[in-house]
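Observations on chain architecture
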Amino acid sequence: MTSSHTSKKQDLPPTAWAVLGLLSFPGERTGYELKKWADSSLRFFYWSPAISQIYAELRRLEELGYAASARSGPEEARAKRRYAITDAGREALAGWASDTADAGPPVLKHGLLLRIWLGHLAEPERLRALVGGHLERTRGELAAVREAMEHAGDMPEWAFPALALRWSERQHLAELELGEALLADLAELDGTGTGTGTGTAAADPDRQGGGDAPTPG
């Protein structure tokens, strides 16, 4: 591998490795098929890249020699380009997957909690409705995770993806437990008459300009 390719390999973003990882399982796939697979697997524990990102990464991987593609023949009504991992790509992916460097902390961007953090500006009913909607959505995601687990359960080559999905199942169960606890916390706070749109912080503007943050830092 040339020094130029080595440098490019080091600069690959996680999304590129994820797309290459999708190609590492048996079979050749179109970009559209890779997107569908990402939506039924990666999104439950990492994220699902947009179709435009998938094609951009496929072009990058082909440039590096990590993936190869070929157009379908005249036997198909619509020509499709299918992608496969190369030997060089599998070797590079194996090196990245077994790298002992710290993978980094998980990144949490919880939109609901950002709203809760600003709960002193909202009505209690609205906050409870937001949490209720979050719980309903999480139950739907949990059902989708379990469907994906069932689909992967009978395929030995998907044993490790099944482990990731099992982790995701536990994470969604924990999210449901946290959401129910948050509803209880909101009910308790509402009973005290503080912390929401009609609470003491909203009623006493002088308290909002004290200068000290409620947490250290």
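Along each chain, residue indices are assigned from 1 in the same order as the chain's sequence is written. Residues qualify for local features only when their pLDDT is at least 70, as the model is predicted, and side-chain atom pairs are given and counted only at 80 or more; totals for whole chains, interfaces and linings, by contrast, use all residues. To obtain the side-chain values, all non-hydrogen atoms of the structure were used and water was disregarded.

Numbered from the N terminus, helices here are DSSP runs of H or I no shorter than four residues, and strands are runs of E no shorter than two. Counting secondary structure elements, the chain contains nine helices and two strands. Secondary structure elements in the chain, listed N-terminal to C-terminal, are α-α-α-α-β-β-α-α-α-α-α. Burial classes: relative accessible area under 20% of the type maximum marks a residue as buried, over 50% as exposed, and values in between as partly exposed (1.4 Å probe, protein chains only). Expressed as a percentage of the 217 residues in the chain, the buried residues total 31%. Every residue pair with non-hydrogen atoms within 4.5 Å of one another is taken to be in contact. Nonlocal contacts in the chain, meaning residues at least 24 apart in sequence, comprise 60% of its contacts between residues at least 6 apart. Entry remark: accessible area of the chain is about 14100 Å², with carbon and sulfur atoms responsible for 56%. Per-residue accessibility takes into account occlusion by the displayed protein chains alone, with areas from the Shrake-Rupley method and a 1.4 Å probe.

Packed helices, taken two at a time, are described by the angle between their axes plus the distance between the axes. Running from N to C, helix 3 (residues 31-39) and helix 4 (residues 51-64) point in directions that differ by 120 degrees, and their axes come no closer than 9 Å. Between helix 3 and helix 4, the interaxial angle falls into the category oblique. The way helix 3 lies across helix 4 gives a crossing that is right-handed. On the side of helix 3, the interface is formed by Gly 31, Tyr 32, Leu 34 and Lys 35, while helix 4 contributes Ile 51, Ile 54, Tyr 55 and Leu 58. Note on geometry: axes are C-alpha line fits, over the in-contact stretch for helices, and angles between N-to-C directions span 0 to 180 degrees. Here the angle decides the label: under 35 degrees means roughly parallel, over 145 means roughly antiparallel, 65 to 115 means roughly perpendicular, and every other value means oblique. By definition, any crossing whose near helix is turned counterclockwise from its far helix by less than a right angle is left-handed, and any crossing with a clockwise turn is right-handed.

All right, on to the packing of aromatic side chains then. When two rings of Phe, Tyr or Trp (its six-membered ring) have centres within 6.5 Å they constitute a pair, described as stacked for plane angles under 30 degrees, edge-to-face for angles over 60, and tilted for the intermediate range. Taken as a whole and judged by the stated rule, the model has four aromatic pairs. Taken together, the ring pairs connect Trp 17, Tyr 66 and Trp 96 into an aromatic cluster.

This part takes up the nonpolar core. Of all hydrophobic cores here, the largest spans 25 residues; its most connected members are Leu 20, Leu 23, Leu 34, Leu 58 and Tyr 66. Elements represented by at least two residues in this core include exactly helix 2 (14-23), helix 3, helix 4, strand 2 (81-85) and helix 5 (87-97). Element by element, the count of residues in this core is highest for helix 2, at seven residues. Discounting residues that sit within four places of it in the chain, Leu 58 has contacts with Val 19, Leu 23, Gly 31, Leu 34 and Tyr 83. Residues belong to a common nonpolar core when they are buried Ala, Val, Leu, Ile, Met, Phe, Trp, Tyr or Cys residues joined through side-chain atoms within 4.5 Å. Judged by nonpolar contacts, the second largest core, of 11 residues, contains Leu 127, Val 131, Leu 182 and Leu 186.

Here the focus is the side chain of Thr 30. Inspection of the secondary structure puts Thr 30 in the loop between helix 2 and helix 3. According to the relative accessible area criterion, Thr 30 is buried, its value standing at 7%. In contact with Thr 30, other than residues within four places in its own chain, are Lys 80, Arg 81 and Arg 82.

Looking now at the pattern of salt bridges. When their charged atoms lie close together, side chains carrying opposite charge are able to pair. A side-chain nitrogen of Lys or Arg and a carboxyl oxygen of Asp or Glu constitute a salt bridge if their distance falls within 4 Å. On inspection of all chains with the given rule, the structure shows seven salt bridges. For Arg 43, the salt bridge identified is with Glu 141, shortest N-O distance 2.6 Å. Residue Arg 43 is located in the loop between helix 3 and helix 4, and its partner Glu 141 is located in helix 7 (residues 124-152); the two are separated by 98 residues in the primary sequence. Accessibility expressed as a relative area gives 24% for Glu 141, which makes it partly exposed.

A separate point is the packing of helix 2 against helix 3. Their axes nearest at 10 Å, the elements helix 2 and helix 3 cross at an angle of 100 degrees. Overall, the two elements helix 2 and helix 3 adopt an arrangement that is roughly perpendicular. Facing Val 19, Leu 22 and Leu 23 of helix 2, the residues of helix 3 in contact are Leu 34, Trp 37 and Ala 38. Basically, the charged four are Asp, Glu, Lys and Arg, the nonpolar ten are Ala, Val, Leu, Ile, Met, Phe, Trp, Tyr, Cys and Pro, and anything else, Gly included, counts as polar. Broken down by class, the residue content of the contact of helix 2 with helix 3 amounts to six nonpolar, no polar and no charged.

The subject of this paragraph is the confidence of the model for the chain. For the chain, per-residue confidence averages 85 on the pLDDT scale, and residues scoring 70 or more make up 81% of the total. A residue's pLDDT is simply how confident the predictor is in it, with values from 0 to 100. In this model, residues 199-203 is a region of pLDDT below 50 whose contacts with residues beyond four sequence positions or in other chains number 10 contacts.

Looking now at the environment of Tyr 83. Within the secondary structure, Tyr 83 is located in strand 2. Separated by 60 residues in the primary sequence, Tyr 83 and Leu 23 place their C-alpha atoms 7.4 Å from one another. When sequence neighbours within four positions are dropped, the list of residues in contact with Tyr 83 reads Leu 23, Glu 28, Arg 29, Gly 31, Tyr 55, Leu 58, Glu 62, Ala 68 and Ser 69.

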